[in-house]
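Per-entry structural report
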Amino acid sequence: MRSAYPAGRPYTPLYAAPVVSSDGPYAGSEQLWSAALQRARLHFVSGKGGTGKSTVASALALAIASSGKRVLLVEVEGRAGIAATFEIPDLPTSETKIATAEAGGAVYALSMDVETTFLDYLKTNYGMGFAGYALRRIGAIDFATTLAPGLKDILITGKLMECTQRRIDGAYVYDAVVVDAPPTGRIGKFLDVTRAMHDIAKAGPVSGQAERVVNLLHSPDTVVHLVTLLESLPVQESAEAAAELRELDLEVGALIVNRALPRYLPDDLVGPVADGRIDAAAVREQFTAAGLQVDDDGFAGLLTETIDYARTLGGQEQARTDLDRIAPDRPVLELPLLPDGVDLSGIYELADILTKAGA
Ligand SMILES: Nc1ncnc2c1ncn2[C@@H]1O[C@H](COP(=O)(O)OP(=O)(O)OP(=O)(O)O)[C@@H](O)[C@H]1O
Ligand SMILES: [Mg+2]
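Here, residues in each chain are numbered from 1, in the same order as that chain's written sequence. The lettering of chains begins at A and the numbering of ligands begins at 1, in the order of writing. For this predicted model, a pLDDT threshold of at least 70 governs which residues receive local features, and a threshold of 80 or more governs which side-chain atom pairs are given and counted, while totals over whole chains, interfaces and linings are taken from all residues. The basis for the side-chain values is all heavy atoms of the structure; hydrogens and waters are excluded.

To be near a molecule or strand, a residue needs just one of its heavy atoms within 4 Å of it. Of all residues adjacent to ligand 1, which total 15 residues, the nearest are Gly50, Lys53, Thr55, Asn258 and Leu338. A 3.5 Å cut-off defines polar contacts: any pair of N or O atoms within that distance qualifies, except that in protein one atom must be a possible hydrogen donor and the other a possible acceptor, and neighbouring residues in sequence count only when both atoms are side-chain atoms. In the environment of ligand 1, an oxygen atom lies 3.3 Å from a nitrogen or oxygen atom belonging to the backbone of Thr51. Within the side chain of Ser54, an N or O atom sits 2.9 Å from an oxygen atom of ligand 1. Relative to its unbound accessible surface of 630 Å², ligand 1 loses 73% to contact with the protein. Within the residue set of the shell around ligand 1, elements represented by two or more residues are helix H2 (53-65) and strand E9 (252-260). Residue composition of the shell around ligand 1, grouped by class: four nonpolar, eight polar and three charged. Note on areas: these come from Shrake-Rupley sampling with a 1.4 Å probe, and a residue is covered only by the protein chains present in the view. In DSSP terms, a helix is any run of H or I states spanning at least four residues, a strand is any run of E spanning at least two, and both are numbered starting from the N terminus. Three classes are used, and their members are as follows: Ala, Val, Leu, Ile, Met, Phe, Trp, Tyr, Cys and Pro are nonpolar, Asp, Glu, Lys and Arg are charged, and the others, Gly among them, are polar.

Right, let's talk about the sheet that holds strand E4 (residues 106-111) for a bit. Two modes of strand pairing occur in sheets, parallel and antiparallel, and in both the strands are linked by backbone hydrogen bonds. Here, any two strands with at least 2 DSSP bridges between them count as paired. Judged by pairing direction, the sheet is mixed, and its eight strands sit side by side in the order E3-E4-E2-E7-E1-E8-E9-E10 without closing on themselves. Whereas interior strands pair on both sides, the edge strands pair on one side only; in this sheet they are strand E3 (96-100) and strand E10 (332-336). On average, adjacent strands in this sheet sit at an angle of 25 degrees to one another, irrespective of strand direction. By definition in these notes, contact holds between two residues if any of their heavy atoms fall within 4.5 Å. Angles shown run from 0 to 180 degrees and are taken between the N-to-C directions of axes, each axis being a line fitted to C-alpha atoms and, for helices, limited to the stretch in contact. Its contacts with the sheet place H2 against strand E1 (42-47), strand E2 (70-75), E3, E4, strand E7 (176-180), strand E8 (222-228), E9 and E10, and it is angled at close to 170 degrees to E7.

Along the chain, Leu302 turns up in helix H14 (residues 296-326). We classify Leu302 as partly exposed; its relative accessible area is 34%. Apart from the residues within four sequence positions on either side, Leu302 is in contact with Phe287 and Val294. Accessibility here uses a 1.4 Å probe with only protein chains present; expressed as a share of the type maximum, an area under 20% marks a residue as buried, one over 50% as exposed, and anything in between as partly exposed.

Looking now at the packing of aromatic side chains. A pair of Phe, Tyr and Trp rings is counted when the ring centres sit within 6.5 Å of each other, with Trp represented by its six-membered ring. The angle between the planes then sorts it: under 30 degrees is stacked, over 60 is edge-to-face, the rest tilted. Taken as a whole, this structure holds four aromatic pairs when the rule is applied. Relative to Phe190, the ring of Phe44 lies with its centre 6.3 Å away and its plane at 80 degrees, an arrangement referred to as edge-to-face. With a gap of 146 residues between them, Phe44 in strand E1 and Phe190 in helix H8 (residues 184-191) connect regions that are remote in the sequence. Just as Phe44 is buried, Phe190 falls in that class too. Seen from their ring centres, Phe287 and Phe299 are 5.6 Å apart, and the 85 degrees between their planes marks the pair as edge-to-face. Highlighted residues: Phe287 in helix H13 (residues 280-289) and Phe299 in helix H14, separated in sequence by twelve residues. Among the residues examined, Phe299 registers a relative accessible area of 7% and is labelled buried. Whether a charge sits over a ring comes down to the Lys NZ or Arg CZ being within 6 Å of the ring centre and within 35 degrees of the ring normal. Over the aromatic face of Tyr172 sits the side chain of Arg41, whose NZ or CZ is 3.4 Å from the ring centroid. Here Arg284 stacks its cationic end above the ring of Phe299, 4.7 Å away from the centre of that ring.

Moving on, we come to the pattern of salt bridges. Salt bridges are identified by distance alone: a Lys or Arg side-chain nitrogen within 4 Å of an Asp or Glu carboxyl oxygen. Summed over the entire model, instances satisfying the criterion amount to twelve salt bridges. With a closest N to O distance of 2.5 Å, Glu334 and Arg320 form a salt bridge. Taken together, the residues span a long stretch of sequence, with Glu334 in strand E10 and Arg320 in helix H14 at a distance of 14 residues. Of the residues examined, Glu334 reaches a relative accessible area of 7% and is grouped as buried. Among the residues examined, Arg320 registers a relative accessible area of 12% and is labelled buried.

This part takes up the nonpolar core. The definition of a nonpolar core used throughout is a set of buried Ala, Val, Leu, Ile, Met, Phe, Trp, Tyr and Cys residues joined through side-chain atoms within 4.5 Å. Among the nonpolar cores identified, the biggest contains 47 residues, and Phe44, Leu160, Val177 and Leu191 are the most heavily contacted of them. Residues within four places of Phe44 in sequence aside, it is in contact with Leu160, Val179, Ala181, Phe190, Leu191, Leu217, Thr222, Val223, Val224 and His225. Formed by 38 residues, the second largest nonpolar core is a distinct cluster that contains Leu32, Ala59, Ala99 and Leu333.

The next point concerns the pairing of E9. The buried count for E9 comes to eight of nine residues, which makes it a mostly enclosed element. Relative to E9, E8 runs parallel, the two sharing four bridges. Its bridge partner being in E9, Val224 is matched across the sheet by Val252. Crossovers are marked right-handed if the path from the first strand over the helix to the second runs clockwise, as seen with the strands pointing away from the viewer. Taking the sense of rotation as the criterion, the β-α-β connection linking E8, helix H11 (residues 232-247) and E9 turns out right-handed. Here E9 pairs with E10 via four bridges, running parallel. The partner of Leu255 across the bridge, within E10, is Val332.

For the rest of this paragraph, the subject is the side chain of Arg330. By the element assignment, Arg330 lies in the loop between H14 and E10. Overall, the relative accessible area of 13% leaves Arg330 in the buried class. Looking at Arg330, its side chain comes within polar contact range of the side chain of Glu251, at 2.7 Å. A polar contact is formed between the side chain of Arg330 and the backbone oxygen of Val252, at a distance of 2.8 Å.

Running from N to C, helix H4 (residues 114-126) and helix H5 (residues 130-137) point in directions that differ by 145 degrees, and their axes come no closer than 8 Å. Our pair here, H4 against H5, has a crossing hand that is right-handed. Contacts between H4 and H5 pair Glu115, Leu119 and Leu122 from the former with Gly132, Tyr133, Leu135 and Arg136 from the latter. Crossing handedness is read from the near helix: turned anticlockwise from the far helix by less than a right angle, it gives a left-handed crossing, and turned clockwise, a right-handed one.

Burial within E2 is extensive, with five of its six residues counted as buried. When E2 meets E4, the two strands line up parallel, connected through six bridges. Among the inter-strand pairings, Arg70 is bridged to a residue of E4, identified as Ala106. Note: E2 against E7, five bridges, orientation parallel. Along E7, the bridge assignment pairs Leu73 with Val178.

Read these as layout, nothing more, since geometry by itself doesn't imply function.
Structure representation (structure tokens):
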């Protein structure tokens, strides 16, 4: 199958060199989102399980909507991550507005389950309305997707394409589609529609659709962002995913660090404090000078906590260095650990950081 965008892409590089400022307690993310990333219309958000894919996808959707755009936020694995984030009981299986943003922007949400998507597909391509539902009744849909596992991914990516490219009166219905995508372990397979095609019939509408999906996934319209934590395992998984995506000629978007610890210690103190080298008497004096009364046990506890914190910071610094090696030409954005977890206001807080970064 030919792709419209073969290896050695005919378009210019997506990103300007990343600029990470270290103003404030968080590594900054000023204007990292390049013009090319802003032009992308289909954003996949992947990452190791539990790193914050659903959270980041939700925040990214809000960030893009805040410039007056209509954004569709899609969950493809029915894990209820987005519903939890937006504090709604269930994610709708039809496109439903769940948030409004400034300048007329809005976020619509959709939970894409394979059954509904398959029925949709049968109806559109074969005019099988009622008959399709009968297939569901007899379990034929389950059977078909079990028989050809690749079919499931093709149906889902096909539906994502339809949402991304849908137009009314020539204008796109959605300016952007943000997908809470499968984790890094499965993202390559999920997006490798060419391989999935080998699973299923070579002819017919599925095949024609798959070719158009391949073209979209390999076009500058599509990017795959990777969420990671500043810990060795998630960073390693991101490295593997980035390599796999590159191998498949899919565009890695931003590397989004989630739950970064705020930096309360100056850089030059992190190493010594992590090694337990603290001038306790001097700190004690500063406490007294500041009018802080702490008993000996309390003070010892604070010192231990500070040492632990410095060790974590040191580990994060190492992870940052490793992360820079994964895709040196990709922007690295950092989102802070929100101390009270992510509620609805937390999502807006994270979205605001992404907006400031240019998303
Ligand atoms: N920046 C943050 N600060 C604090 N808590 C966070 C942050 N980001 C995510 N969390 C919390 O971490 C947990 C995991 O986040 P989330 O559900 O987004 O991860 P996920 O990668 O989608 O997980 P899964 O692999 O299970 O789908 C959630 O409880 C979420 O509220
Ligand atoms: Mg999730």
